[in-house]
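Structural overview for review
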Amino acid sequence: MSPTPLQIAAQRLALAGKVAVLTGAGISAESGVPTFRGPGGLWENHRPEDLATPQAFARDPELVWRWYNWRRRLIAGCAPNPAHLALAALEQRVGDFTLLTQNVDGLHRLAGSRNLLEVHGNLWMVRCTVCGALYEERGLGLPARPACRQCGGLLRPHVVWFGESLDSAILDRAWRAAAGCQAMLVVGTSAVVQPAAGLASVAKQAGAFVIEVNLEPTPNSREVDVSLMGKAGEILPQLVD
Ligand code: BJW
Ligand code: ZN
């Protein structure tokens, strides 16, 4: 009997000494974290321009903070799912492993992933808009206009909004991991937000075997070597075992 796409993908992954993984909101969906696009997604009831741009924050920081505080409370009650745990287990087995995540929820680190690049930042970090101080803030009852503990200036979430550049050092490392891997797993991303979505093409063009895991086809699907349609929490443990 010829091997199934899942078996082919698992075999290629097992043979690769250098692995990169790109994840998006879909990997956290089974933990109870809402995705952005699609039914029930965050953008169904909110316009990204009102909440996830520097202009929106300048216009109404209290509105933006209310949204982030709501998400922080929601995510504080969520735990890593079998997909996050499978990636942490895979990291233990692979010599050269890099996890590139667009997610800001912190669930990969909680699952035990260590070589992790959070390309869109982290919801549990705050940054001062005045002095630039950057620190962890896990409080769930932040005031309407949270103030910097160093200078009293207005804090913002340490995340990347539309129209903002990604941290160039992080993006550079992400690019090199994608260009240098032998196998790449692309999990739970709609692959529409650049430049992160382009990392799958970088890997493919550099000769990597690219495996996509998603509930539905994405702009990447035609380019990848194997496209596995289904829930990340069910497919990743099988891929990695
Ligand atoms: C499951 C599942 C399950 C569900 N199992 N799967 C080139 C062309 C066109 C536009 C641009 C371009 N370059 C730059 C831009 C502009 C913009 C952009 O890309 N816009 C497009 C949308 C058109 N990009 C930027 O602005 C970026 N900055 C930049 O490029 O700087 C340079 C520059 C500046 C100015 C002009 C030009 C260049 C920054 C992007 C920042 C994105 N920020 C956000 C918010 C982060 C903070 C926060 O969370 O609050 O990041 S937006 C949001 O989208 C979030 C995500 O990380 C990101 C990606 O979403 P993701 O993860 O893919 O989630 P979904 O919901 O879209 O998809 C979920 C998927 O999971 C679906 O496919 C489901 O099927 C699947 N799924 N359940 C498996 N159980
Ligand atoms: Zn400050």
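This one's a predicted model, so the numbers in the text were calculated from it and none came from an experiment. (Residues numbered from 1 in each chain as written. Chains lettered and ligands numbered in written order. Predicted model: local features only at pLDDT ≥ 70, side-chain atom pairs only at ≥ 80, totals over all residues. Heavy atoms only, no water.)

1. A closer look at the nonpolar core
To be explicit about the condition: By nonpolar core we mean a set of buried residues, namely Ala, Val, Leu, Ile, Met, Phe, Trp, Tyr and Cys, connected to one another through side-chain atoms within 4.5 Å. Exposed residues in this analysis have more than 50% of their type's maximum accessible area, buried residues have under 20%, and partly exposed residues fall in between, with area computed by a 1.4 Å probe over protein chains only. For helices the rule is a DSSP run of H or I covering at least 4 residues; for strands it is a run of E covering at least 2, with both sets numbered from the N terminus onward.
Counting residues in each nonpolar core, the largest one holds 28 residues, and the members touching the most others are Leu-90, Leu-185, Val-213, Leu-236 and Leu-239. At the level of secondary structure, the elements contributing two or more residues to this core comprise helix 1 (5-15), strand 1 (18-23), helix 7 (82-93), strand 2 (96-101), strand 7 (183-187), strand 8 (209-214), strand 9 (226-229) and helix 11 (232-240). A total of five residues in this core trace back to one element, the largest contributor, which is helix 11. Judged by nonpolar contacts, the second largest core, of 26 residues, contains Leu-42, Tyr-68, Cys-128 and Cys-148.

2. Re the coordination of the zinc ion (ligand 2)
Our working rule: Coordinating N, O and S atoms are those within 2.8 Å of the metal (3.2 Å for Na, K and Ca), and as water is not part of the atoms, a site may appear to have fewer donors than expected. Tetrahedral means four donors with every angle between 85 and 135 degrees, whereas square planar (four donors) and octahedral (six donors) require angles over 155 degrees between opposite donors and between 65 and 115 for all others; sites fitting neither are termed irregular.
Surrounding the zinc ion (ligand 2) are the protein donor atoms Cys-128 (SG), Cys-131 (SG), Cys-148 (SG) and Cys-151 (SG), at 2.3 to 2.4 Å. Each of the four donor atoms around the zinc ion (ligand 2) contributes to a set of angles spanning 100 to 115 degrees, which defines the coordination as tetrahedral. Residue class for Cys-131 comes out partly exposed when judged on its relative accessible area of 40%.

3. Digging into the sheet that holds strand 4 (residues 121-128)
What counts, and what does not: By this definition, two strands are paired if DSSP reports at least two bridges between them. Lines fitted to C-alpha atoms define the axes here, with helix axes fitted over just the stretch in contact, and angles between the N-to-C directions of these axes take values from 0 to 180 degrees. Contacts are residue-level and defined by heavy atoms, with any inter-residue pair within 4.5 Å sufficient.
Read from one edge of the open sheet, three strands run 5-4-6, paired in antiparallel fashion. The open sheet terminates on both sides in strands that have one partner only, identified here as strand 5 (134-136) and strand 6 (155-159). For this sheet the average axis-to-axis angle between neighbouring strands, irrespective of direction, equals 40 degrees. Bridge count for strand 4 against strand 6 is five bridges, and the pairing is antiparallel. Directly across from Val-126, in strand 6, lies its bridge partner Pro-157. Contacts from helix 6 (residues 61-76) reach strand 4 and strand 6, with the element oriented near 140 degrees to strand 4.

4. Concerning the packing of aromatic side chains
Let me state the cut-off plainly: Note on aromatic pairs: the rings of Phe, Tyr and Trp (six-membered ring only in Trp) are paired at centre separations within 6.5 Å, and the planes decide the class, stacked below 30 degrees, edge-to-face beyond 60, tilted for the rest.
Tallied over the full model, the rule gives five aromatic pairs. Measuring from centroid to centroid gives 5.3 Å for Phe-36 and Trp-43, while their planes differ by 45 degrees, and the two rings are tilted. The exposure class assigned to Phe-36 is partly exposed, which follows from its relative accessible area of 24%. A ring pair is formed by Trp-67 and Tyr-68, whose centres lie 5.0 Å apart and whose planes are at 80 degrees; its orientation type is edge-to-face. Trp-67 gets classed as buried once you look at its relative accessible area, which sits at 5%. An aromatic cluster of at least three residues, connected via ring pairs, comprises Phe-36, Trp-43, Phe-57, Trp-67, Tyr-68 and Trp-161.

5. Some details on the domain arrangement of the chain
Note the following rule: Either an automatic procedure or a domain database provided the assignment from which the domain bounds are taken. Note on definitions: buried area is the accessible-area loss of two parts on being combined, 1.4 Å probe, summed for both.
Partitioning the chain into structural domains gives domain 1 (5-33 + 79-120 + 165-240) and domain 2 (34-77 + 122-159). Measuring from the centre of the C-alpha atoms in domain 1 to the corresponding centre in domain 2 gives 25 Å. Each partner contributes to the interface: domain 1 provides 14 residues, whereas domain 2 provides 13 residues. Summed over both sides, the interface between domain 1 and domain 2 buries roughly 980 Å², with carbon and sulfur atoms accounting for 61% of that surface. Looking only at domain 1, the three residues that lose the most surface to domain 2 are Ala-25, Val-33 and Val-104, adding up to 46% of its buried area.

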